[in-house]
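Coordinate analysis (summary)
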Amino acid sequence: MPTDTIHPSPNPRLAEKALALGGFAIGTTEFVIMGLMQRIATDYGIAVQEVGLAISAYALGVVVGAPLISAISARIPRRGLLIGLMVLFAASNLLTLLAPSFYGFVALRFFAGLPHGVYLGVAALVAANVAEPHERGRAVGRVLVGLTLAILAGAPLATWVGGLAGWKAAFVMVGALGLFTALLVRLWVPVQPANQGGSLRSELSAITKPRVLYTLAVACIGFAGMFSVFSYAMPTLTHQAGMPEALGPLVLATFGVGSVIGNLVGGRLADIDQSRAIGGALIWAALCQLGFFLAADQIWSGLLFVGLVGTCGALVPPLQTRLMDVAGEAQTMAATLNHAAFNIANGLGAWLGGMAVTVGMGWSATGLVGMAMALGGLSIFLVALARERATQVQASA
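Residues numbered from 1 in each chain as written. Predicted model: local features only at pLDDT ≥ 70, side-chain atom pairs only at ≥ 80, totals over all residues. Heavy atoms only, no water.

1. Observations concerning the packing of aromatic side chains
Note the cut-off: Only rings of Phe, Tyr and Trp enter the pairing, Trp through its six-membered ring, and a pair is recorded when the two centres are within 6.5 Å. The plane angle decides the type: under 30 degrees is stacked, over 60 is edge-to-face, the rest tilted. Per-residue accessibility, obtained with a 1.4 Å probe over protein chains only, is compared with the maximum for each type, and a residue is labelled buried under 20%, exposed over 50%, and partly exposed between these values. Per the convention used, a helix needs a DSSP run of H or I reaching at least four residues, while a strand needs a run of E reaching at least two, with both numbered from the N terminus.
Counted according to the given criterion, the structure contains 13 aromatic pairs. Ring geometry for Phe110 and Phe111: centres 5.6 Å apart, planes at 75°, overall edge-to-face. Residue Phe111 is classed as partly exposed on the basis of its relative accessible area of 41%. Relative to Phe171, the ring of Trp167 lies with its centre 6.0 Å away and its plane at 85°, an arrangement referred to as edge-to-face. Separated by four residues within a single helix, Trp167 and Phe171 lie in helix α6 (residues 167–188), roughly one turn from each other. For the pair Trp167 and Phe171, a shared accessibility class is recorded, and that class is buried. Three or more aromatic residues joined by ring pairs form one cluster here, namely Tyr44, Phe102, Tyr103, Phe105, Trp167 and Phe171.

Right, here's the structure in full:
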């Protein structure tokens, strides 16, 4: 367990709201680019598909930033670290106004991605520490709901702002949210002194712990199915169910509502029984994604299952709290690697879903891919539990 001395929060819910706003800003900047691709391409005189490089640069920033910043910030007080991360995030978005070329914009997307995993991981740790012990999962869920609200409201709002005032205005809006978050964290989040026992070696020890690695593998594999469906939900319903393109925003909103519900329910279930919450969420994910495959021929049934696939976000809070429990002194590294794992799941799910469509299995085959990935994650988790039980038996013998 961490050795930090935690100062109690006079109002934990205010602290959670401040931390959740940062997640909202991060989610908005991650997803808004999908709605601005044509405008960005036109402004820089490039093909639309080339804008995908900026998306990849952000994801690379997340994967690089999570372990790197975690390792070098082991002894930085957590509140100060959160503020610094939000300032870096805000600056990377605000400087988009001055991006001289497309590749300058791509570089800024990389820097904007660096704080992503560390902020969300440390925010979850802080929320769990200031909450009552029996409400850790719910506190984590309430903080991470900011990320899912970004899908529902943040990205559409920023896209609208970008269409009204130029696409760069969307990133300026996100940068302003980042600065506002830094201020609220300073005002509402209690002091979290540095972990004096923390070090580069202790943080890097996370990647040698089997229980941490198994949990991260569950996130990479088990969560990839949700992204397989989500990445192609709009073209699936357009091409296969005949949905008008004008209903595209409804797909995003439906998924966002499901994600919010999933995070909140997942947090509550994590407080009741963490292991059953993880196993149950993976079984639920497999069923929902199979349901999408079967329902995607009709617009409204397809939309219903898009929302149900969104509820698979219930897996996030129990996985996050499990990492806190198994990481030992490497709390920051483990918590942040969880979000790097989710970004790997994002890329893996989208790639496998695209492969299924490319080989002619049909658009809704992403649901079959999703089911297979959820069952794969469940298998990994069951192996992890079996190993833990075997280790406990050996220790008591």
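2. Re a nonpolar patch on the surface
Operational definition: Within this analysis, patches are made of residues with over 30% relative accessible area and no salt bridge. Like charges are joined at 9 Å or less; nonpolar side chains (Val, Leu, Ile, Met, Phe, Trp, Tyr) at 5 Å or less. The accessible surface values rely on the Shrake-Rupley method and a 1.4 Å probe; as for residues, cover is taken only from the protein chains in view. We define a salt bridge as a contact between a side-chain nitrogen of Lys or Arg and a carboxyl oxygen of Asp or Glu at a distance within 4 Å.
Taken together, the side chains of Val257, Ile261, Val265, Leu269 and Ile272 present a nonpolar region at the surface, about 440 Å² in accessible area. In this structure, Ile261 sits in helix α11 (residues 248–272). Classification of Ile261 as partly exposed rests on a relative accessible area of 45%.

3. What to know about the packing of helix α15 (residues 331–358) against helix α16 (residues 365–396)
Quick note on the threshold: Between N-to-C directions, angles span 0 to 180 degrees; the directions come from axes that are lines fitted to C-alpha atoms, helices contributing only their stretch in contact. Here roughly perpendicular refers to angles of 65 to 115 degrees, roughly parallel to angles under 35, roughly antiparallel to angles over 145, and oblique to all remaining angles. Crossings are sorted by hand: turned counterclockwise from the far helix by less than a right angle, the near helix makes the crossing left-handed, and turned clockwise it makes it right-handed. Whether two residues are in contact is decided by their heavy atoms: any pair within 4.5 Å suffices.
Running from N to C, α15 and α16 point in directions that differ by 135°, and their axes come no closer than 8 Å. Considering the angle they form, α15 stands oblique to α16. The way α15 lies across α16 gives a crossing that is right-handed. Side by side, α15 and α16 meet where Leu348, Leu352, Gly353, Ala356 and Val357 of the first sit next to Ala365, Thr366, Val369 and Met373 of the second.

4. With respect to the confidence of the model for the chain
The condition is simple: Each residue carries a pLDDT value, the predictor's own confidence for that position, ranging from 0 to 100.
Within the chain, residue pLDDT values average 87, and 93% of them lie at 70 or more. Under a pLDDT of 50 for its full length, residues 1–6 has, in the predicted model, 18 contacts with residues more than four places off or in other chains.

5. Describing the pattern of salt bridges
Scanning the model with the defined rule gives seven salt bridges in all. Ionic pairing is found between Asp271 and Arg138, a salt bridge with its closest N-O pair at 2.9 Å. Here Asp271 is found in helix α11, whereas its partner Arg138 is found in helix α5 (residues 136–165), with 133 residues between them in sequence. Note that Glu388 is salt-bridged to Arg211, the shortest N-O span being 3.2 Å. Of this pair, Glu388 sits in helix α16 while Arg211 sits in helix α8 (residues 210–222), placing them 177 residues apart in sequence. The class for Arg211 is partly exposed, based on a relative accessible area of 41%. Beyond isolated ion pairs, a larger network of salt bridges with shared partners links Arg13, Glu16 and Arg142.

6. Details of the layout of surface pockets
Under the convention used in this document: For each structure, a 1 Å grid was placed over the protein atoms alone; sets of points admitting a 1.4 Å probe that cannot get out are labelled cavities, open sets with protein on both sides within 12 Å along at least five of seven lines are labelled pockets, and lining residues have an atom within 4 Å of a point. Grid points are joined across faces, edges and corners, and a volume is the space filled by probe spheres set on the points.
What the largest pocket holds in volume is close to 1,100 Å³. Around the largest pocket sit 37 residues that line it, and Phe31, Met34, Phe230, Ser231 and Met234 are the ones nearest its centre. For the lining of the largest pocket, the secondary-structure elements that each account for two or more residues are α1 (12–44), α2 (52–72), α5, α9 (224–231), α10 (233–239), α11 and α15. For the lining of the largest pocket, the leading source of residues is α2, giving eight residues.

7. Observations concerning the environment of Ala270
Among the secondary structure elements, Ala270 is positioned in helix α11. The spatial distance from the C-alpha of Ala270 to the C-alpha of Ala281 is 10 Å, given a sequence separation of eleven residues. With sequence-adjacent residues up to four places away left out, Ala270 is seen in contact with Gly137, Ala277, Pro317, Pro318 and Thr321.

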